[in-house]
Amino acid sequence: MTGHAHHAVPDAPPLAGGVSGSDALRPLLGTVLDALAEGARRRNGPLPAGGPARTAADVADSLAACGSTDALAQLTTLLAQGSADPAEPACAAHLHCPPLAVAVAADLAVSALNPSQDSWDQAPAATELETALVRELAALVGYDPAQAAGVVTSGGTESNLMGLMLARDRELTRESGRPTELTGVPGHLTPRLFASAAAHFSVQRAAAVLGLGEAAVVSVPVDADLRMDPDALEQRLKHSVAEGEIPVAVVATAGTTDTGGIDPLPRIADLAAEYGAWLHVDAAYGGGALLSDRLAPLLDGLARADSVSLDWHKLGWQPAPAGVFLVRRAETYAPLARRAVYLNPADDEEAGYPSLLGLSLRTTRRPDAFKILATLRTLGRSGLGRLVDACHDLARHAAATVADHPALELHTAPVLTTVVFRYRPASAGPDGTDRINGALRRRLLHEGRAVVGRTELPGEGPGRVRLKLTLLNPHTTPAEVDALLHMVAEAGKAEEAMSDG
Ligand SMILES: *Cc1c(COP(=O)(O)O)cnc(C)c1O
């Protein structure tokens, strides 16, 4: 240091990493944990009461009032108080799970060390850990881990985009003889993607992003459980080929977002093979069934997919994001390979430094594999499977309660952990029924009493409102589910009385 001025900022705030990082974090963790508890106590329910205007005012007040010494405590309290907390039994609308404490603790380690998966020299151990996780999950899906490849993603949306990108590049490169990723989609080709009417909207988004256009997605009809009708798929594939179009990919959904319906995978795999289309299975929700001995057989045929989307921030109890994208054969990943001279230079790779860069669409990337691995090692597949089964049992219990309730109407028996139903007013036409169901849900939100899902199903007219419970909290008891359904029925009665009056 001789001859140099000391440039360090005086009183610079402490960092989370390094030998003294833990000492710097420890008191702040106490602050955060106390504030989380205080916020939950003040909220005293599944979400803050008072609706959007009240939340906006609370946020504005807190931002104006907190200062440099108490910002962390004040804002954490605000966040907790103002959260819709999926750990509350009456918070049961979305595929948004209460994360396990072990997963959140593991995620803290990741945040403190901040490795980035885009080059080995930013993430030596994390690179190996992600590679190990991908191998384990490939085996879980039924792939040969030595042949498969994959990456941890931000979720089903990104995984679906990647699957359809690889499909596009395989099929259209074969057709045009030129790599799609460099030249774009040749104008004389008409690529088509086939997905059920209940497939996730990210399939259309992916088609748009990939330059195929949303109109390239052919919608295949579904049955009442929202499963793809394979005869209709066959008919559409046949028609498409007769028209000179290219069936680039079939997207099967293993666990539709609303009903958990699982498309008939073996038959769809046969059809995709027959028509030379890539098979992508969106198992963002249903992939969790692989953890359960009872439910795993529902996914028979999954191993025939060219690519698969999984989401461990749904049936996997991870804090988001925890998506996974897998391909059955690593060589189909080639179009994504990238050489960035500052990240994965050839001489480093030749010298044995591995790189995950070419596996992801992203550059900087958190090692979200870490929390998943820590959870899998702590609970094992069977421990996680018991949580899946507990939620499946809750859904079956909820369905039985709905079926027995004079004012509630069940849509279909649950497949995974969702229950689709509606309030049935004593006297109201279809439009009145829809209005009451929509309003009862907002009433519960506004009162801070429950977060219940709302959806509309393909095959029913637009505006035909259905309610939904998405049960992802294995600690919820059947009595709590019954209490929630009772609240829904009471809110329905109150709305009905208002629309009668
Ligand atoms: C949730 C979901 C997605 C989207 O996944 P994200 O993780 O939210 O990006 C895609 N497909 C299905 C079937 C889903 O349930």
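Looking up the protein chain in an unreviewed UniProt entry gives the name Aminotransferase class V-fold PLP-dependent enzyme, with the organism given as Streptomyces morookaense. Per UniProt, the protein chain carries the Sequence similarities (unreviewed entry) text "Belongs to the group II decarboxylase family."

Chemist: Is there a simple way to explain the domain arrangement of the protein chain in this structure?
Modeler: Accessible area lost on assembly of the parts is the figure often given for the size of an interface. Once the domains are mapped, the protein chain shows domain 1 (115-365) and domain 2 (378-500). Taking the mean C-alpha position of each, domain 1 and domain 2 sit 31 Å from one another. Contact with domain 1, which involves 30 residues of that partner, is made by 25 residues of domain 2. Taking both sides of the interface into account, the surface hidden between domain 1 and domain 2 amounts to around 2200 Å²; carbon and sulfur atoms contribute 61%. The three residues of domain 1 that bury the most area against domain 2 are Asp258, Arg294 and Trp317, which together make up 31% of that side's buried surface.

Chemist: Just to check I follow, could you spell out the state of the cysteines for this structure?
Modeler: When the sulfur atoms of two cysteines share a covalent bond, that bond is a disulfide. The tally for this structure, following the rule as stated, stands at 0 disulfides. The closest cysteine sulfur to the non-disulfide-bonded Cys91 is located on Cys97, 11 Å from its own sulfur. Cys391 supplies the cysteine sulfur nearest to Cys97, a cysteine that is in no disulfide, at a spacing of 9.5 Å.

Chemist: Would you explain the sheet that holds strand S3 (residues 191-196) in this entry?
Modeler: Each strand in a sheet pairs with its neighbour through backbone hydrogen bonds, running either in the same direction (parallel) or in the opposite one (antiparallel). Sheet architecture is open: 7 strands sit in the order S2-S8-S7-S6-S5-S3-S4, paired in mixed fashion. What marks the edges here is a single partner per strand, and that holds for strand S2 (149-153) and strand S4 (217-220). Strand-to-strand, the axes of this sheet are offset by a mean angle of 20°, without reference to chain direction. Both strand S6 (residues 278-283) and strand S7 (residues 307-311) contribute to a ladder of 4 bridges, which runs parallel. If you follow Val281 over to S7, its bridge partner there is Val308.

Chemist: Where do I start with the UniProt feature "modified residue: N6-(pyridoxal phosphate)lysine" (unreviewed entry) in the protein chain in this structure?
Modeler: In the numbering adopted here, UniProt assigns the feature "modified residue: N6-(pyridoxal phosphate)lysine" (unreviewed entry) to Lys314. On the accessibility criterion, Lys314 (13% relative accessible area) is buried. Not counting chain neighbours up to four residues away, the residues in contact with Lys314 comprise Leu95, Cys97, Ala284, Tyr285 and Leu472. Among the polar contacts made by the side chain of Lys314, one reaches the side chain of Asp311 at a distance of 3.4 Å.

Chemist: Honestly, the site of the ligand in this entry has me stumped. Any pointers?
Modeler: Every one of the 14 residues lining the ligand counts as a neighbour, but Thr157, Asp282, Asp311, His313 and Lys314 are closest to it. In isolation the ligand offers 380 Å² of accessible surface; the protein chains occlude 85% of this area. Among the residues forming the shell around the ligand, the class breakdown is 3 nonpolar, 8 polar and 3 charged.

Chemist: Which parts of the structure should I look at to understand the packing of helix H13 (residues 430-446) against helix H14 (residues 478-500)?
Modeler: The axes of two packed helices give the description: the angle between them and the distance between them. Contact geometry of H13 with H14 gives a least axis separation of 9 Å together with a crossing angle of 120°. When you trace H13 past H14, the crossing you get is right-handed. Note on element contacts: H14 touches H13 through Met487, Val488, Ala491, Gly492, Ala494, Glu495, Glu496, Met498 and Ser499, opposite Ile436, Ala439, Leu440, Arg443 and Leu444. Class assignment for the residues of the contact of H13 with H14 results in 9 nonpolar, 2 polar and 3 charged.

Chemist: Would you take a moment to explain the environment of Ala92 for this structure?
Modeler: As for its position among the elements, Ala92 is in strand S1 (residues 91-92). Exposure remark for Ala92: the relative accessible area of 2% places this residue in the buried category. Remark: the alpha-carbon pair of Ala92 and Gly453, spanning 361 residues in sequence, is separated by 7.0 Å. Every residue in contact with Ala92, bar those within four places of it in the chain, is listed here: Val451, Gly453, Lys468, Leu469, Thr470, Leu471 and Leu484.

Chemist: Please explain the environment of Val465 as it appears in this structure.
Modeler: Within the fold, Val465 resides in the loop between strand S11 (451-455) and strand S12 (466-470). Under the relative-accessibility criterion, Val465 is labelled buried at 3%. For the pair Val465 and Asp70, spaced 395 residues apart in sequence, the C-alpha to C-alpha distance is 44 Å. Not counting residues up to four positions away in its chain, the partners in contact with Val465 are Arg422, Asp434, Asn437, Gly438, Arg454, Thr455 and Glu456.

What counts, and where the lines are drawn
- Residues numbered from 1 in each chain as written.
- Predicted model: local features only at pLDDT ≥ 70, side-chain atom pairs only at ≥ 80, totals over all residues.
- Heavy atoms only, no water.
- UniProt positions renumbered as here; feature names shortened; annotations may be inferred.
- Domains from an automatic or database assignment.
- Contact = heavy atoms within 4.5 Å.
- Buried area = accessible area lost by both parts, 1.4 Å probe.
- Disulfide = S-S within 2.5 Å.
- Pairing = 2+ DSSP bridges.
- Helix = DSSP H or I, 4+ residues; strand = E, 2+ residues; numbered from the N terminus.
- Axes fitted to C-alpha atoms, helices over the stretch in contact; angles between N-to-C directions.
- Buried < 20%, exposed > 50% of the residue type's maximum accessible area, 1.4 Å probe, protein only.
- Polar contact = N/O pair within 3.5 Å; in protein donor to acceptor, adjacent residues only side chain to side chain.
- Near = heavy atom within 4 Å.
- Areas by Shrake-Rupley, 256 points an atom, 1.4 Å probe, with all protein chains shown as cover.
- Nonpolar A, V, L, I, M, F, W, Y, C, P; charged D, E, K, R; others polar.
- Left-handed = near helix turned anticlockwise from the far one by under 90°.

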